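One-letter residues, chain by chain:
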Amino acid sequence: MIWKLPGFSGAPILNLSDPRVNSSLTLPPSSATFSPRDNIAMEVTQVLLSAQAVDSTVRKHAEETLKQFQEQNLPGFLLSLSAELASEEKPVDSRKLAGLILKNALDAKEQHRKYELVQRWLSLDVAVKSQIKACLLQTLSSTVVDARSTASQVIAKVAGIELPQKQWPELIGSLLSNIHQVPPHVKQATLETLGYMCEEVVPEVVDQDQVNKILTAVVQGMNANEGNIEVRLAATRALYNALGFAQANFSNDMERDYIMRVVCEATLSPEVKIRQAAFECLVSIGSTYYEKLAPYIQDIFNITSKAVREDEEPVALQAIEFWSSICDEEIDILEEYGGDFTADSDVPCYYFIKQALPALVPMLLETLLKQEEDQDQDEGAWNLAMAGGTCLGLVARTVGDDIVPLVMPFIEENITKADWRQREAATYAFGSILEGPSPDKLTPIVNVALSFMLTALTKDPSSHVKDTTAWTLGRIFEFLHGSTVETPIITPTNCQQIITVLLQSMKDAPNVAEKACGALYFLAQGYEDVGSTSPLTPYFQEIVQSLLNVTHREDAGESRLRTAAYETLNEVVRCSTEETARLVLELVQVIMAELHKTLEAQKLSSDEREKQNELQGLLCGCLQVIIQKLGASEPTKYAFMQYADQIMNLFLRVFACRSATVHEEAMLAIGALAYATGPNFAKYMPDFYKYLEMGLQNFEEYQVCAVTVGVVGDICRALEDKILPYCDGIMTQLLKDLSSNQLHRSVKPPIFSCFGDIALAIGENFEKYLMYAMPMLQSAAELSAHTSGADDEMIEYTNLLRNGILEAYSGIFQGFKNSPKTQLLIPYAPHILQFLDSIYMEKDMDDVVMKTAIGVLGDLADTLGSNAGSLIQQSLSSKDFLNECLSSEDHLIKESAEWARLAISRAISV
């Protein structure tokens, strides 16, 4: 018996006499067939081809047909796709699309959708899945490269779902048996599949015996005596993905030597793609197995320096990347251990960079002379010179002062040469080494170089040189100027010249002007803690006017220039002093007028609308900074209040335009306005509330949702109990957000904190929400209590979650304090103490959580008094936790602990 798909003619999809198929397979009910009105009497092939048609009507109809088929009969749909992919008679285009749809039926970017698809696949009939997998494996021997490659990816997706569930145990064995088949194309496809599979599954899922076999097959495929280029390339790329599985093999000297030899040999292959892939493996080995590199580092240096000097750019870039990755490793080790290594240190630093310095630095300096003519105009540009400069910067951060004497002769020799390339390379070298070496080492050099560079920025005939000079000045101000630097580089004698030159350069080509804005940004930032008088005060008006002029330039859309100008304006305002408050107040009207202008524009094309949205975002961001600045002191806040109504009105009009980017910036600005206006913000709530609710409902753009949650907190602090009329709506939406599996997990910790803000604002009125909020907090607390086996990222998230939960508890306790309703909280106290016990026992709290946690212990004692005393005494670790916090070196933790100790002793003595 042969089962054909409802409404589809063509090749048999499922042969029930096949011994691999469970004969008890249930056929789909007749309801799964298409109704005749859809008139689909064509093959799946035709629908797949139509879905790629140029004619949009044909295309849309085909897409709709596929969607209906998938919804009405998923097993049949997936089976027909796998058969299409496997069939050699079918056109390449329909096979490729069939594979792509299959792949998308197994995986998605959004976590919640991915989870749904995985569950959906796991719940399919075993026989159906077996048949699909048989088709996929069969496709690996197709003569069509696109079909093989697509099948490789789909097999890896299925493996990613099934291997962790202990399903499809025969997969790796059947793939490895293919490796010994004669046709090279089958070997190539199988190696590609193994590579993709290693990318999809975590190493723990594959046992060591199978790992050894995979690595053996891959490394043999990479061997120089492998005659087929495609096989060798697939093997080299597969090794890149399999390296994470090779922990045990890299601990074995012989196996490691063999793998390293094969990789190094592959870097000398006559094929450029194989050389590039081999260097990519070396880069990965450098960061994954840093501590095993010592025996090979000299050979690797020889191979990489030859590649950097002589090979094609894609290969040379990877060779430089190897040294950048070694710098990253050593920077991390030196930061973590602070340079004090004991003999038994787990991760000793081998100082590879320091040893290679005399040869490595000259090699990198040579690359700086290989610039491309138009690299300044192209935002995504990446070439040898840029990679070399980036690596040089990392080397400077790794070795500090030692790099300076190696680079200075190159700078001195080239900085005045006639060829722009030499002048630009010298400037780039100087800019690259400004982070890492000590100010004592750099300041004397910078003092000599500064006036030369200011002249170059105005007089050098080359735009490239000006661009890099402005960037280097920005780096000087970022790393060698500010309240922490002992010897100031900017003095009353050169301050005016610096500002004049930077403002002049803002009229230069967009790429130069953008870097000049960046330099001014760091110049202003360095005066952040200057006190009541700033050296920039005399120039404030001129600086602001010049930046506003930049935003109006015809070409401000190029090289991020407009964005850079607004970012710099914000920083200049943020770091200004009270001397210029009057000018900042005048700026309010200017920015309001600009924002008003964007709201007047009519009938915009989609391109113009996008630009308008971007500009509105920049202007709202600017107003936010101004509001924060003026709201920070009483006299300026009082003067600013005359504009509050107009500004709020503008923000509401921006919301009415409805665009995600603007939403976010306007929402942040409203948070600042709420903070500045305090209880007076209540008058804006009736008009604003619907937008607040809209932001809280925005699951798709979760950053907007997160920002809105933060603004609810700002409004709670501003309005206190005046927010009560809106709390039902807000709490309902926050509880919905927490229950949703569609909302990005990063928004959940701030939502819990927000419960605390609301409770603090409305006090005992929070009573009606306790029955909803407390169980949510309780289940989240249980989830976040234990982190055993979690990776760093997960531990970081868990600490954010714990902190959010603890802030909620803290706000609730403080909100109910001195209220007759405090007894409502008593039933929750044992669980909260248990939560504090368990996170203390885990020993992986960060300082922020520790401070909040000890604060909650104090709040609990403070609010519940004698009711809490006995519970705290019974608690497993409260005493130890308190003592640990009392002896903390972090004064904030210590302060919280002192307060908690008082509160607890009061509660116990009652």
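Labelled according to an unreviewed UniProt entry, the chain appears under the name Importin subunit beta-1, originating from Sesamum alatum. In its Subcellular location (unreviewed entry) section, UniProt records this for the chain: "Cytoplasm". Quoted straight from UniProt, the Sequence similarities (unreviewed entry) entry for the chain says "Belongs to the importin beta family. Importin beta-1 subfamily."

Some points on the overall build of the chain
Broken down by element type, the chain carries 42 helices and 2 strands. The C-alpha radius of gyration computed for the chain amounts to 32 Å, which stays within 12% of the reference 29 Å derived for 910 residues, consistent with globular compactness. Seen through its C-alpha atoms, the chain measures out along the principal axes to roughly 90 × 80 × 70 Å. Residues counted as buried form 54% of the 910 residues belonging to the chain. A separation threshold of at least 6 residues defines the contact pool for the chain, and within that pool the share at least 24 residues apart is 72%. With the model as given, the accessible surface of the chain reaches about 40,900 Å², and the carbon-plus-sulfur share is 51%. Side-chain charges in the chain split into 72 positive and 121 negative, and the spacing between the mean points of these groups amounts to 4 Å.

Quick notes on the pattern of salt bridges
Opposite charge on two side chains permits them to pair, given that their charged atoms come into close proximity. In the structure shown here, the tally under the stated rule is 41 salt bridges. The partner of Asp 555 in a salt bridge is Arg 553, and the shortest N-O contact between them spans 2.9 Å. For Arg 553, a relative accessible area of 16% puts it in the buried group.

Quick word on the side chain of Ser 875
Relative to the assigned elements, Ser 875 resides in the loop between α40 (866–874) and α41 (878–886). Only 3.2 Å separates the side chain of Ser 875 from the side chain of Asp 837, close enough to count as a polar contact.

So, empty space enclosed by the protein
Per the stated rule, a full pass over the model turns up 4 cavities of 30 Å³ or more. Taken as a whole, the second largest cavity holds about 70 Å³ of empty space. Within the lining of the second largest cavity, the residues separate by chemical class into 6 nonpolar, 5 polar and no charged.

Concerning α41
Taken together, the buried positions of α41 are Ser 878, Phe 881, Leu 882, Cys 885 and Leu 886. Considered in projection along α41, the buried side chains sweep an arc of 135 degrees and stay on one side of the axis. Residues of α41 that are buried in the fold lie against α38 (829–842), α39 (847–864), α40 and α42 (891–909).

Digging into the packing of helix α23 (residues 495–505) against helix α24 (residues 510–525)
Packing of α23 against α24 brings their axes to within 8 Å, and their N-to-C directions diverge by 145 degrees. Judged by the sense of rotation from one axis to the other, the crossing of α23 with α24 is left-handed. For the pair α23 and α24, contact is made by Ile 498, Ile 499, Leu 502, Leu 503 and Ser 505 and by Val 512, Ala 513, Ala 516, Ala 519, Leu 520 and Leu 523, respectively. Considering only residue class, the contact of α23 with α24 consists of 10 nonpolar, 1 polar and no charged.

About the criteria used
- Residues numbered from 1 in each chain as written.
- Predicted model: local features only at pLDDT ≥ 70, side-chain atom pairs only at ≥ 80, totals over all residues.
- Heavy atoms only, no water.
- UniProt positions renumbered as here; feature names shortened; annotations may be inferred.
- Helix = DSSP H or I, 4+ residues; strand = E, 2+ residues; numbered from the N terminus.
- Rg over C-alpha atoms; globule rule 2.2 N^0.38 Å.
- Buried < 20%, exposed > 50% of the residue type's maximum accessible area, 1.4 Å probe, protein only.
- Contact = heavy atoms within 4.5 Å.
- Areas by Shrake-Rupley, 256 points an atom, 1.4 Å probe, with all protein chains shown as cover.
- Lys, Arg positive; Asp, Glu negative; His and termini not counted.
- Charge placed at Lys NZ, Arg CZ, Asp CG, Glu CD.
- Salt bridge = Lys/Arg side-chain N within 4 Å of Asp/Glu carboxyl O.
- Polar contact = N/O pair within 3.5 Å; in protein donor to acceptor, adjacent residues only side chain to side chain.
- 1 Å grid on protein atoms, 1.4 Å probe; cavity = no way out; pocket = protein on both sides within 12 Å on 5 of 7 lines; lining within 4 Å.
- Points joined across faces, edges and corners; volume = space filled by probe spheres on them.
- Nonpolar A, V, L, I, M, F, W, Y, C, P; charged D, E, K, R; others polar.
- Arc of directions from axis to C-beta.
- Axes fitted to C-alpha atoms, helices over the stretch in contact; angles between N-to-C directions.
- Left-handed = near helix turned anticlockwise from the far one by under 90°.

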